[in-house]
Each structure stands twice: as C-alpha cells, then as structure tokens.
Amino acid sequence: MKRQGQNIVRKVMLFLSAAMLAVPSMALAEGDFTQPIKFSHVTHAGKNEVPCEFCHIYARRSINSGIPPVRTCFGCHSVVKGTTEAQQQEIAKVVGYWDRQEVIPWKKIHDIPDFVEFSHKRHIQIGFDCTQCHGDMSKVEEVSFATMKQPLSMGFCVSCHMEKHPTANGKIAGPVRKTRGALPIDNAASVQPDGNISGSKDCFICHK
Amino acid sequence: MTKGINRRDFFKVAAVSGAAAAVAGCGSDPVETIIPMLVPPSEYQPGVVFNFASTCTECSGGCGLVIKTREGRAIKAEGNPLHPLNRGSICPQGQSSMQAMYSPSRSKGPNQQGAPVKWDEGIAALATAMKGGKTLYIGKPRSGSFKKLLAGVLGTDGSSLQFEMSPYASIAKGNEIAFGTAEVPQYAIGEAKVLVSFGADFMESWMNSQANLRDYTKMHAFSHGQKGKFIHVSTHQSMTGSNADQWLSVKPGQEAQVALGMAAALLPGSAMAGNEGLKSYLSGFSLEKVSERTGVSVKVLEELAKDFAQGGASLAIAGGNAQSTGEGAKLQVAVNLLNVVAGNLGKTVLFGAETQMGGDSLSKMADAIKQMAAGAYQVVVIENVNPAYALPKGAGFAEALAKVPMVVSLSTEEDETSALAHMHLPTSHTVESWGDLNPRKGIHSLIQPAMAKLPGYETLELGDLLLALGKQLGAAEASAATYQDYIKAAWMGYQKDWAVAGPFEAFWKKSLQQGGHFGEFAPKSVSLQSSAYAAEMAPKAEAAGLTLLAVNSSMHDANGAGGNRSWLLEIPHPVTQLVWDSWLEVHPDTAVELGLKHGNFAEVKTAAGTQKLGVFVNYGIARGVVAVPTGLGRNIPFPTYISTRGKSLLMPHVEMAADVTIKPLQVGLSAAQLLDFKLDPLSGDLVFTTAVEVKATDEDAYMVTPEGTAKHHDIAALSLEYTKANMGDRSLKGRGFVKMTSVEAMQGHSEEHDLEHHLRHRHYETTLPDNTSFYQERAADVAYHVEWSKRDKPVYYESHKWEMAVDLDRCIGCSACVVACYAENNVSVVGKERMSKGREMAWIHIARYQEPNHETGELETYFTPQMCGQCANAGCEPVCPVYATYHNDEGINAMIYNRCVGTRYCANNCAYKQRRFNWRTYEFPAPLHMQLNPAVTVREKGVMEKCNFCFSRVRAGKDLAKDQGREVFDGEILTACQETCPTDAISFGNIKDSKAKVTQIKTTTNRGYTQLDEVNYLPAVTYLKKINHDNKKA
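Residues numbered from 1 in each chain as written. Chains lettered and ligands numbered in written order. Predicted model: local features only at pLDDT ≥ 70, side-chain atom pairs only at ≥ 80, totals over all residues. Heavy atoms only, no water.

Examining the overall build of chain A
Secondary structure assignment for chain A yields nine helices and four strands. Sequence-ordered secondary structure for chain A, helices as α and strands as β, is α-α-α-α-α-β-α-α-α-β-β-β-α. Out of the 208 residues belonging to chain A, those deemed buried represent 31%. Contacts in chain A between residues far apart in sequence, at least 24 positions, make up 69% of those at least 6 positions apart. (Helix = DSSP H or I, 4+ residues; strand = E, 2+ residues; numbered from the N terminus. Buried < 20%, exposed > 50% of the residue type's maximum accessible area, 1.4 Å probe, protein only. Contact = heavy atoms within 4.5 Å.)

Below is the structure:
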C-alpha cells in the first residue's frame, strides 16, 4: 500500500520521536522498586530446582499466576535457615513475616495496565511454557525491569497472537517442562505438529 | 482517500507532535505492590468470582441473595435463583445494598460521642447500665433465631420493639376483625386472572415485591393467548399503578368504598347471598352511592365487578397509601369482604403462611415514647433503624430520647438517630454477618458472611455483640461462643423438626449453599366473622379536602435507608424521572386551580410546618391530592468537584483536576416533616396523609431529569389544561420507541396480526456449511462495506452472536436493571448539576413516556429499558478516528477505553443516544471504591463508554466453558440487567444457537420490532410490543 506522503510522514515522526526520547524516560513506572526481601530465583529455581508452579500456584488455574503464599515460603524456611550471613538475614525476614502473620508486600515487576486482562490460565493450559515470556528465571538473581525478558507491551502480545503456532493434540508443540520446573527437559520433545493455533485478534478479549 | 494522508497517519503525526510539546506534564504509573496470601483457602482463586448465598436485609421481605465476591471482597448482590420468594431477582434497593456495605457514612469503630472507646469497655459500660434498670431495644424487624437471643439477653427487665414504617399492622388487624386471625396471609397473585389492588404498591414496597412480581409475571405476561388483568384503585397512581391495565382514580380515603361496592354487586351471585347481616351492610354501598362518593362512574364499577367474578381466580389486595389514611384496617376488612364474596378465600388468599414482615404497630412506638419521656427506661438501645429521621416531629421521639440516661446506637451507619446516642457500638453489615430469617412459614433463609470485616472498620456482628453483652449479664441464652455457633445450634434443632435425614454437617452445608431450607406451608381455613360487616366497619363516606399524601418513592423506602445512596439518588424515579430531589406531585387540574406551575416551588403548609417543594405536574394522581415522596431528605457524603463556574464572565467553564472534597450533601426533603404523628385508631399504623395548604411561588425549583431540567419541556402540550400547568409533552413524539398492540390482535382477532412480521425476515441461518453464505442475501452490501472500511474481511460471527430481546409487556420500569448495571460495570455517579447538563453515565436507563391514547384521549405510561443496541450497521463505528470502537466477531460493539481520544464523534452519530462520555474523572468516595468490579475497567476523563452486553461476563462464561471443554450453554451467561429483572423482561443469548431463548423469541414472535428502523443501524436489541387489554392501559 504505497501512498504518497507516507515517506514524509515517516520522516517527520522519526524526527519528533527522537526529540521525545531525548527527554528522560517517561514510559517506565516511577517509584522505589526495592523488594522487602532479597529473593533470589537463582537459588530457588536454579540451584534447588523448585518448579515454577510450586510457588506460583495459580498460573494454571487463574488469570493471575500469584505470588507464593507466605506459608509456602515458611514451609521450607522453618527449617532451611541459610548458610551465609546474607542468606540468614533475608531468611530471618521471611520467618519474621510468618511469625507476625503479616503478608510480604512485594513490588510488582511484571505489571500490565489495569485496563488489560491477561489470562495466565489460557496460555499455560494451551501449552506455552513459562520461559517463553519470562525467560529462564533460574538464571535471574533479582527480578527487575532490566532482567525482564519481554517488555510485556501490547506490541509483544500482538506479535505472538499474529503468528500461527504449531500444535500437537491441541497443545502447543515444542519443548515443554513436564512440571513447569526450572530444569529444561534434556531431550526436547520431537513432537510432530498436527495443527496450528493462533491467538484471538479481538481487541475486546484483552481490553476489558 | 487515495492521495494525501490517511486518518491514521494524520493522527500519528499530530499525536507525536502534541506529545513532544507536552512531555513534561506526562504522568507515569506508580509502583504497584503484589500481595500474597498468608494461607490461601483451598477453594480460593484470584481472578474468579466466588458466590455466597445469603439473605437481603434491606427490608423485611427476606429475599435470597447471592453475593458475588472477588479476592475476598463483596462486589455485587444478585438474587438467589433457588429462593422461593424472589427466585433469582432482586429489587433496586437490594442491589444498592452494596452501597450500604461500603457506605461513606459507615461508622469506623466504637465511640462515645466521637471519642473512641475499646469494644470491651463499651460492652461493659452497656451491660452495667442495663443492670441498673429497664432496657428498651428498638431494632430492625428480624424474624428467625435472633428474636430468641434478644429476648434471652434482655431478660425480664427489658423489652423490644421492631421498628418499620410500612403499614402491615392494618392488614393484620383487618384480618383479625374479619377472620379472627391477626395473620398476614399469602396472596397468590400468580393464581389470579384478575388482580385488583387498592393502593397496594406490590411492585415497590408492599410485602415482598420480588415474590409479588414473580407471581405477577405468571399471570400478567401474555402466554398461550391469555393475559391476566391488573386494576389499580387508588389516589396516587405510583409506579405500580402506572403499569396497570386500568387505574381508577378515587377521592382520597374512598378506596374502601369501591371494594364494598364491588362486593355488593357480586353478593347476589355468590355463596354468601343468604347472609342477611352482610346483605344489609352492603346495601349501604350500592354502585350509585359508591359512584357518588368516589367519583368513579357506575359503568366502570359495574364492569370491574363483573370482571372480578372469576370463581375464585381473582384477588383483591390492599396496602400502600390507601392503607395509610387512618382507616387502614377498615379498608382491609372491606377488601376481605370482597375476596370472600368472590370466592377467593382458600384459593388466592391463603392463611397459614404466618408471614413475618414489617415491624410492630406504631402504637407500640407511641407507648415507648411516652415511657421514655416518663423516665421508665434506664437504657435505650437503637439498632439499625432511624426513628429520629423517619418519625414525624410530633412523635416527640428525640425529646423523649433526651430524657433517657443512656442511649446506645448499634447501627452500622452513622445517621440522624445515632447522632443522638451517648455511645455508638457499630455493628457489621449483613454482608459481614451470620444470621437467619423466617419470612414465611416453611421458608428459613440463612445469612452468612460473604467477606471478612471491612479493613479499618472495627465493628462487631450484631449477634456476637449480643452474645458478649449477654455473657456480661449472665444470660443463659448467650452461652454460645460466637453467633455462628448459635445459629448452627438453632439449625441442629431445625434439622430434627424438619426430619431431615443424615449428619448435621451435610445438612448445614447444603443449607448454606442453597441459601436456607425451603418448604411449603399447610393452608389454614378461616371463615368470615360478623364483626367484618358490623356498622362501625363502614368507612367514611366523605372525602377530605386538599390532602397531602406521603408516598413511598419506590427507590427509597419510608425508613429512608436508601436516601443516602448515590445510586438510588442518581437513578431517575420511574414515574417522575426526577433525580437528586424531592417533589410535590400534583394533578394538572389541581395545579391550574391552585395556580401552581410545573417546575416552580410551591409552599406546602401542614399542621406540622411549612416547607418548599418543587411542583411536578402529573396525570397519575387524583384531583384534590398532592403527594410527596418519603425516604429523601437525608445527608450523603458526595464529592464536590471544583470548577470555574460562575467565577468570572471572562473565564471559560473549566473543571479543575485539583482537590475534590467529599462534603455532606442534603438531598431533598423528609416527608415526615410535613406529617402529624397520627395513628390509625384500629391498627396503629402511621397516617401518611394530612390536610394541606399549597401556595404557588415564582421561584424556579431547579428540578432535574435525565432530559435536563424538568422545566425544559414547557412546550405546547397535548391538551390545553396541561399547558396551563406547564406540564409539557412527555410523549414519544412519533418516534416509535415504544410500540403497543392489543390482546385481541395477539389472539389473531384483528388485522394487526397480519401485518408484516418484521423479524421473520432477518436471516440467522445456522445450518449453512460455510460462513460466507451467512451473508448470502446481503453479499453485495457486505462486499461494498468491506472495501469501504478497508478491513481485510467481513466480520463473521463465528462462535457467537450476542443479541437481546426486551419484552415491553413485562417491563414495569422498576429500574433494578439500572442499579445492577451501575454495580456491575463501575458506572460513575455524577450528581445533580451534571445530570442537568445531560452528563449522566447510565449504560442502561429506563425511559418513561406518557403517550396519549388515540381512542380515549387519555395519557398512558410506558416504560422502556434503553441500552446500546450493538448495532450491526452501527453509526458510531465508522466515525471513530482511532478505531477505539469497532464491531467484534461476536456481534458486540466493542469499546476500547485506552484507545479513545475523546472526539465524541461516535456519540454524535449514535441515533439512540446510548453513548456516555466521561467529562471528568469521577470519584468513588472511600470505601465505595472497594465495591468496584475488577473485571471491568474503571474509566477516566476523556473516554467514551457504553453498554457492552456485560462482555466481562461473556468472557468469564466462555472461559469457564473452555476449561470444561464444552460450548457455552444458553442461560449460562446472564447480563447484569437480565439477571436482576423480576419480570424476566430481558432475554440475552447467542442468536447462532437455534435453541437459545433469544433465538426462539426473535424467530417466532409476531410483536417484535427494532427501534428507529429508518436509520438502518440494525441493532441487536429487539423490542417486543406492549400488549394492552382493549387497546388501553393506565
């Protein structure tokens, strides 16, 4: 669809966008993102091979994947007290929250706007793996904007929805972790796709 | 647009340039916290609705509720489909119970005239005071286990009084006189072919309105070629009467005459013909005499009496204003006579029901006030009732209360009565509490908490409070640890009484899940007693002079509980369509006689005082009567938005984003201020009428309806008399929004039946093999459309096409759907001033038309629910410059809020005016913001919004179906408006499903039509014509 004037439009926009980017970033959220406890995915998902869904219990069941209930943390840390000084300090904080029967006020990094509804359940149940959007968390020490694999912007969501994904038996064909654990499966499943699936392109499905 | 720039590119450039200029002011998202659970309950899931069955306590009707919760917060009240009384529907006041739960007037914690106290200190202080003398407990009417606990706690030194302003004592007294039993029976409206109501506003506040309407729908909705008849006999038409097939306007206090006249006419042909005493009594009520006294013609009375003779399949009921004249019990006796003569006893009037509704007779309150003034009580406890507001000043309630050494308020909200208390020990709301109710024999409704207590509010459940108090007083009845245990223990006893087999835990769980235990009652037979036709039962034969009538407003009850809820104030009153105000309803003839003008203030003077009220001229009221609504005149904390209005002639009117203050706002006038404290001599019910003087003024009353200020319509009206009073033209003006037909036409007895059946020409063939042929007949149109709109393919309704059918024959205008929509979709409340500018936000609204009947010349009221029609050929879609609104592949006109730039071109193009624009970001004063539904975006300034057929519910329904690996079945997804409607006027479903109810309706009806066909928008909402008897209605 070549139209006259489109090139000019592009050039004008490029210039203005550049001008805009010169201004300090305004697209990212503001505020203090220090987590109340220095939680390390490397230790938990990596070294100790805790599966994602052990803590994020609602990923397969609900629109939100959930943050582990404090009881889950205390379940291990009532016994596991840590080896290094730093570890012991942080674990003491977790235990403290449980003892006081208080919830841990984590800061939300993977956040999408309130006018969007993203259903974890739908994506996990069709067979997508956590790492496709979140990356290999077993290598992430502290979760922050810098460590986010995907920008979770609408463009990112739509680009995936525009593609056709091969499926086998109704589920996404490809390497899938059986328990959605942190370890990749050694032999990537050599599944033969027998179909295709593509996400809804209806704005109204996500924009509630 | 083949050359030059297209609209998208234009906007891209304009937006970026604009943004570049305004970058500094751009805000950004604050950091959000993500909160885990401590120990998640096993059945809990975030993001999913959890329902709890409970019972509504807004009035004493006892409707079953299902409370929707999200993440542990109650967000919506729905009717419980399993409950035998309301069967899934809930009234506007019930829907607004969410605003009571999160009311900004809620008390935060126990205090002693403002100074906080601790709970144990407060209860100890109350217990000590109670030990020192007699206690009076004034509370809400509560049937069920609560009564026993209260009696146990009060002991011999205490007495209790159930306070409510509804006149049911007259019904009980009238039955005592006529049948020897002071019982309120079950009125089987559904079994009657002809229903005559003497003032009883059974669609609004009389008995259980939802149960009444479920039954009414059975008899009055057209089915199998038949339709029941409803005649309303009263002085004030009210919303109930405006739905009648016939309204007999009678002189004030003369309703009983009509009943007795009918009885007299029916007596010769009845089983009671041989009763000499009855015959002699009724001889004083010949139709000629009755006609003279009431102003109703003999012919009309004759026809009415004839209609009423249905061999036991008719029903006469009395209540409302007709029963508040001071002769309420006498009216009941007259109506009982009529029912007996017509053979309805035991068929549509069923004793044995032992209905427990309403409070004690007000004569008990009068005694209590005397006792309080005389110093008989050491302590007066007032729980969740507001006598200081609801009672007329002449009752002397506040003065008597001042003499009591200790007054304790146990109310959830701070109100006019709690302001008079020494100590306030706030109770939790019903939504946070345990309890049970027994509204009728056989029906035991459970109340269970749908959420934990509201954070930051230190309240105690009423039951727990009484138990704590009882323990301090050493009451044996108060031994249970918590009120939950108390109720459980009571139900263990019930299980034995009802002989329900199995372990208690299973019985208890099942009862909680279904909302209670529901059974039938054994009808009791009664017979007429001679006291019913004793000479002293004869009602007054003379009508009073100019009378003021305080009427139930149908959105706020006489107790005023709804008078401080923004939804109920913002949603227009069905009959007058007025918002945020009180009014004085006057007949045009009376207005002309008194020199009153519609929309101006009038000075209203009664023995109790003088007040100013705006005049609302309406045909639905008798001549010589003026009516004022009850339930208003309360304070509501409401946001005051700062604006530059009136600051300077040079400054444009701009609404500032800065501070919004929440200020108490008084809305309307309390009708109690105009009434005397006069009680019915036989029953003790309050007399809601009084003699009045009304004087005209020239002052504009600034009365507001959704059409602007009520005065805007003083254009040439239909008849000269109405013009003089400035009533204005409330008709359809030829636009055909409401269409009507007649029973005869529906039965195929007239030519109308042969007229084109519009909807049978719409093709929804679902058996065709491929999607393209769905548009077979319109292929050329579609091709052109696709090319013009530059889509890559036409919109095919692959999975579902959602459509709606609205049956105007069933809609009664109650506006429960409107409140439900506000609750479900986070619709903002804008206030009176903005309503006057047409900035209302209602996604669905009830339009009320007063249309002249071409045959009779009389005005007739028609209600129609209006919402976005999700037009297939919408006018709003092509004009949006940014594609914020488009037609999605399920037939919904989707609205993407964050895409909208606020040009408002779409609203301009909507022929039905169903789009709403957010002219500012409206506030939800805390804690009302906790009621917001997380499934629906909360909109900000600059964004267009409208009904979307509750697409969030559609999404949730499809999600559940997908989880279970099946298709959505019909009736699974209910829109908020559909779910709450007591007459099932709204049907919603997938038109592609040939078995769906909405498809059945649309393909088989011969009274379906779409509004404004001439603009060819092809809305998905089909209206079914209203069916009138004899081509006329009230």
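A short note on the packing of aromatic side chains
Counted by the stated rule, this structure contains 28 aromatic pairs over all chains. Between F39 of chain A and W106 of chain A, the aromatic rings sit 6.3 Å apart at their centres with planes inclined by 75°, giving edge-to-face as the arrangement. One end of the pair, F39 of chain A, is in the loop between α1 (6-22) and α2 (41-47); the other, W106 of chain A, is in strand β1 (residues 106-107), and 67 residues separate them in sequence. It is R839 of chain B that lies over the ring of W919 of chain B; its NZ or CZ is 4.2 Å from the centre. (Phe/Tyr/Trp six-rings, centres within 6.5 Å; stacked < 30°, edge-to-face > 60°. Lys NZ or Arg CZ within 6 Å of the ring centre and 35° of its normal.)

So, the pattern of salt bridges
Residues and elements named next belong to chain B. For the coordinates displayed, the defined rule picks out 45 salt bridges over all chains. Here E327 and K330 are joined by a salt bridge, their closest N and O atoms 3.5 Å apart. Owing to a relative accessible area of 12%, E327 belongs among the buried residues under this scheme. Overall, the relative accessible area of 18% leaves K330 in the buried class. D360 is the salt-bridge partner of K364, the closest N and O atoms lying 3.4 Å from each other. For K364, a relative accessible area of 40% translates into the label partly exposed. Three or more residues are tied together by salt bridges with common partners; here these are K68, K76, E78, E824, R953 and E979. (Salt bridge = Lys/Arg side-chain N within 4 Å of Asp/Glu carboxyl O.)

Side note on the sheet that holds strand β3 (residues 171-172) of chain A
Residue and element names in this part refer to chain A. Strands sit in the order β3-β2-β4 across an open sheet of three strands; the sheet is antiparallel. Strands with a single pairing partner mark the edges of an open sheet, and in this sheet they are β3 and β4 (195-197). Sheet topology places strand β2 (residues 165-168) next to β4; three bridges connect them, and they run antiparallel. Directly across from P166, in β4, lies its bridge partner N196. (Pairing = 2+ DSSP bridges.)

Digging into the UniProt feature "domain: 4Fe-4S Mo/W bis-MGD-type" (unreviewed entry) in chain B
Those residues carrying the UniProt feature "domain: 4Fe-4S Mo/W bis-MGD-type" (unreviewed entry) are residues 49-105 of chain B in this numbering. Within the segment residues 49-105 of chain B, helix and strand shares are 16% and 37% respectively, and the terminal C-alpha atoms sit 27 Å apart. (UniProt positions renumbered as here; feature names shortened; annotations may be inferred.)

Remarks on unusual backbone geometry
Residues and elements named next belong to chain B. Backbone torsion omega between A926 and P927 reads -5°, so that peptide bond is classified as cis. Along the polypeptide, P927 turns up in the loop between β38 (916-917) and β39 (944-945). The backbone of Q113 shows a phi angle near 50°, a positive value even though the residue is not glycine. Position of Q113 among the secondary structure elements: in the loop between β5 (111-112) and β6 (115-116). In this structure, Y702 takes a positive phi of about 50° despite not being glycine. Within the element layout of this structure, Y702 appears in the loop between β29 (693-700) and β30 (704-705). Given the relative accessible area of 34%, Y702 is considered partly exposed.

So, empty space enclosed by the protein
All names here are of chain B. Counted by the stated rule, this structure contains 18 cavities of 30 Å³ or more. The computed volume of the largest cavity comes to approximately 610 Å³. Looking at the lining of the largest cavity, the elements that each hand over two or more residues are α2 (92-95), α7 (209-220), α8 (238-242) and β21 (547-551). Residues belonging to the lining of the largest cavity are distributed by class as follows: 21 nonpolar, 19 polar and five charged. Two domains share the lining of the largest cavity, each providing at least three of its residues, namely domain 2 (169-350) and domain 3 (543-730). Put simply, the second largest cavity is a space of about 190 Å³. Looking at the second largest cavity, it is lined by 20 residues, and the ones nearest its centre are Q99, S566, V829, P925 and L928. At four residues, the largest contribution of residues to the lining of the second largest cavity is made by strand β26 (residues 634-643). (1 Å grid on protein atoms, 1.4 Å probe; cavity = no way out; pocket = protein on both sides within 12 Å on 5 of 7 lines; lining within 4 Å. Points joined across faces, edges and corners; volume = space filled by probe spheres on them. Nonpolar A, V, L, I, M, F, W, Y, C, P; charged D, E, K, R; others polar. Domains from an automatic or database assignment.)

Things to note about a nonpolar patch on the surface
A cluster of nonpolar side chains, namely M154, V158 and M162 of chain A, defines an oily patch on the protein surface of about 300 Å² accessible area. Looking at where M154 of chain A falls in the secondary structure, it is placed in helix α8 (residues 154-162). (Patch = residues over 30% accessible without salt bridge, like charges linked within 9 Å, V, L, I, M, F, W, Y side chains within 5 Å. Areas by Shrake-Rupley, 256 points an atom, 1.4 Å probe, with all protein chains shown as cover.)

Looking at the side chain of T181 of chain B
All names here are of chain B. Note on placement: T181 falls in the loop between α6 (169-179) and β9 (186-187). Accessibility expressed as a relative area gives 12% for T181, which makes it buried. With near-sequence residues (within four places) excluded, T181 lies in contact with A172, N175, E176, F351, K524 and V526.

What about the domain arrangement of chain B?
Residue and element names in this part refer to chain B. By domain assignment, chain B separates into domain 1 (111-162 + 358-440 + 442-518), domain 2 (169-350), domain 3 (543-730) and domain 4 (740-807 + 867-1028). Contacts between domain 3 and domain 4 engage nine residues on the former and seven residues on the latter. Interface area for domain 3 against domain 4, summed over the two sides, is near 640 Å², with a carbon-plus-sulfur share of 56%. Seen at the junction of domain 3 and domain 4, the total is zero salt bridges. At the junction of domain 3 and domain 4, the tally comes to zero residue pairs in polar contact (both at pLDDT 80 or more). Among the residues forming the side of domain 3 that touches domain 4, the class breakdown is eight nonpolar, no polar and one charged. (Buried area = accessible area lost by both parts, 1.4 Å probe. Polar contact = N/O pair within 3.5 Å; in protein donor to acceptor, adjacent residues only side chain to side chain.)

Overview of the confidence of the model for chain A
Residue and element names in this part refer to chain A. On average, residues of chain A score 80 in pLDDT, and 77% of them are at 70 or above. Per-residue pLDDT stays below 50 along residues 1-5; that stretch engages in six contacts with residues further than four places along the chain or on separate chains. When the criterion is pLDDT under 50, residues 20-27 qualifies, and its contacts beyond four places in sequence or with other chains add up to 10 contacts. (pLDDT = per-residue confidence, 0-100.)

With respect to the sheet that holds strand β25 (residues 625-629) of chain B
Residues and elements named next belong to chain B. Overall, mixed pairing links the seven strands, which are arranged β28-β21-β25-β22-β24-β23-β29 in an open sheet. Two strands bound the open sheet, and with one partner strand each, they are β28 (689-691) and β29. Averaged over all adjacent pairs, the angle separating strand axes in this sheet is 35°, with direction ignored. Relative to strand β24 (residues 609-617), strand β23 (residues 600-606) runs antiparallel, the two sharing six bridges. Counterpart to K605 in the pairing with β24 is T610. (Axes fitted to C-alpha atoms, helices over the stretch in contact; angles between N-to-C directions.)

Overview of the confidence of the model for chain B
All names here are of chain B. Per-residue pLDDT for chain B has a mean of 89; in total, 90% of the residues score no lower than 70. In this model residues 16-27 is a low-confidence stretch, pLDDT under 50, and it forms 12 contacts with partners more than four residues away in sequence or in other chains. Within the model, the stretch residues 713-720 combines pLDDT values under 50 with 15 contacts to residues more than four positions away or in other chains. At the level of chain-chain contacts, confidence expressed as ipTM amounts to 0.84, with global pTM at 0.91.

Structural notes on helix α25 (residues 816-824) of chain B
Residues and elements named next belong to chain B. Summarising burial for α25: nine of the nine residues are buried, a large majority. Taken as a whole, α25 has its buried residues at A816, C817, V818, V819, A820, C821, Y822, A823 and E824. Taken from the residues just after α25, N826 is the one with a positive phi, measuring 55°.

Here's the deal with the packing of helix α11 (residues 287-294) of chain B against helix α12 (residues 298-308) of chain B
All names here are of chain B. At a minimum axis separation of 9 Å, α11 and α12 run at an interaxial angle of 120°. The angle between α11 and α12 places the two elements in the oblique class. The handedness of the crossing between α11 and α12 is right-handed. Only V298, L301 and E302 of α12 make contact with α11, whose side of the interface consists of L287, E288, V290 and S291. Of the residues that constitute the contact of α11 with α12, the class distribution is four nonpolar, one polar and two charged. (Parallel < 35°, antiparallel > 145°, perpendicular 65-115°, else oblique. Left-handed = near helix turned anticlockwise from the far one by under 90°.)

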